[in-house]
Amino acid sequence: MQRFDYIVIGGGMMGAPCARYLAESGASVALIAPPEPPVKSDSKGPFASHYDAARITRRVAADADWSLLSRRSIDRYRDLEARSGQTIFHETGAIMAGPEDGPMGDFTARFHAVAEALPPPPSIIGTCETWETLGLALPCGSLVSHETTLGGWIDPRAMRDAQIALAQAAGATVLSQAAIARQDGIVTLADGTRIGGAQVVVATGPHAGSDGLLPRQPRIKVWARTIAFARLSEATGAALADMPSVIWVPQGWNHDLYMLPPVRYPDGHLYLKIGGQLDSPRIHTATEMRNWYHGTGDAHVGARLLDEMRALLPGVAFEATHTGPCAVVWTDTGFPCIERQDDTVTALIGGNGAAAKCGDELGRLGSMVARGLSLDGEGYATDFAGVWERAGEMADG
């Protein structure tokens, strides 16, 4: 049986950089990273939300710790690109907007406070006339943070590929099949192969609540989310080329939505993407996860999202629209769980909808915990401790 210092299960936004940091520290590392299904409808998995072409990245957040996680990751994007040859970061700018009053006023106040404390702070825009010059029909009464630099979007597939390639360059062994069982430091792969590690890092995203690889059941909620896409003509895409990524609260909504600027997808077309949903169904099992990803999301939710996209971009013509499935993991703490479970297992789970943009820093922190190092001096208010189910308690939170 082959043995390693560390085994990292999961080659996504947190697991892949964790493996890279561990390998670059000089340790022997196995990264278990099954490839993206070529055709979702024909596959048993794995499924992950980073199998997409674009995710928003920005420094501004409604919490100072999330802002620090993203800022540290953003600071490393260009180095990752230079060393891997991948194009990851598209610096189109990023907007956050919300009402000063009403149920979402606290959300706005929190991201505004974080924005003002940034070095340097983004522009704070306060008039409807100014917003219109950006081509966005944001609700009047919104307070806007506009990052013209250090914000935009990343290609999560390119990020994954860069992290894995650099991990391999540092000596990591990549195993492209699924882990089906773990007992102490022994991991069994889908073909029956067993490998051993002094420490196993479980970074399996939304699957962590159902794959049985952690010794304690995490108290997490996995939500089935719908995203919607609008296909653009080349001319319309060119006209919107300077559009920033946008997070905003539509008039009368009790939560925020997000929208990305035109992005070229693998089918060759340009698409706008929109998402953001509270009233979504829960995913409890691997079967439910597979069934959800084999579908096209919720048509009703998609229609509402597309209506808000049209309202934000009045007069923009769409060639076609469609919806798709996504899954988001939420922890009880609102932060990722980066914690040693026992002498052989570290949990690195719970992206809370922000794992893509913050993944490099989360992977670095995960590598520290796996090596037995403390996060006390890293500058975060949270300790990244998880919440776990009690013995005999149901695991659906």
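In this numbering scheme, every chain counts its residues from 1 along its sequence in written order. Per-residue local features are limited, in this predicted model, to residues with pLDDT of at least 70; the limit for side-chain atom pairs, both in listing and counting, is 80 or more; totals at the level of whole chains, interfaces and linings are taken over all residues. The side-chain numbers reported here are obtained from all heavy atoms of the structure, hydrogens and water having been left aside.

Caption draft 1: Molecular detail of the sheet that holds strand 8 (residues 152–154). The strand order 3-8-4 describes an open sheet built from 3 strands, whose pairing is antiparallel. Every other strand in the sheet has two partners, leaving strand 3 (55–57) and strand 4 (89–90) as the edge strands with one partner each. Strands were regarded as paired on the criterion that DSSP finds at least two bridges between them. Numbering goes from the N terminus for both helices and strands, where a helix is a DSSP run of H or I of at least four residues and a strand is a run of E of at least two. Where strand 4 meets strand 8, 2 bridges bridge the pair, whose relative direction is antiparallel. Note on strand 8: the bridge partner recorded for histidine 90 is tryptophan 153.

Caption draft 2: Molecular detail of helix 7 (residues 286–293). Buried residues of helix 7: Met289, Trp292 and Tyr293, and no others. Taken around the axis of helix 7, the buried residues stretch over an arc of 90°, which confines them to a single face. Throughout, a contact is declared for two residues whenever any of their heavy atoms are within 4.5 Å. Packing partners of the buried residues in helix 7 comprise strand 13 (220–232), strand 17 (282–283) and strand 18 (320–331). Working definition: with a 1.4 Å probe on protein chains only, accessible area under 20% of the residue-type maximum means buried, over 50% means exposed, and in between means partly exposed. By arc we mean the arc of the directions from the helix axis to the C-beta atoms, nothing more.

Caption draft 3: The pairing of strand 7 (residues 142–147), seen in detail. Burial analysis of strand 7 places 6 of its 6 residues in the buried class, which makes it a mostly covered element. What you see with strand 7 is no split at all: Ser142, Val144 and His146 on one side and Leu143, Ser145 and Glu147 on the other are buried throughout. Of the pairings in the sheet, the one linking strand 5 (residues 94–99) to strand 7 comprises 6 bridges and is antiparallel in character. The partner of glycine 98 across the bridge, within strand 7, is leucine 143. Relative to strand 7, strand 6 (residues 123–125) runs antiparallel, the two sharing 3 bridges. In the sheet register, isoleucine 124 faces strand 7, and the bridge partner there is serine 145.

Caption draft 4: How the structure looks around the environment of aspartate 267. Within the fold, aspartate 267 resides in the loop between strand 15 (257–264) and strand 16 (270–275). Between the C-alpha atom of aspartate 267 and that of serine 210, which follows or precedes it by 57 residues, the distance is 32 Å. Each polar contact in these results corresponds to two N or O atoms within 3.5 Å; when the atoms are within protein, one needs to be able to donate a hydrogen and the other to accept it, and residues that are neighboring in sequence are counted only if both atoms are side-chain atoms. Within the structure, aspartate 267 has its side chain in polar contact with the backbone nitrogen of histidine 269 (distance 2.9 Å). Reaching out from aspartate 267, the side chain makes a polar contact with the side chain of tyrosine 271 at a distance of 2.7 Å.

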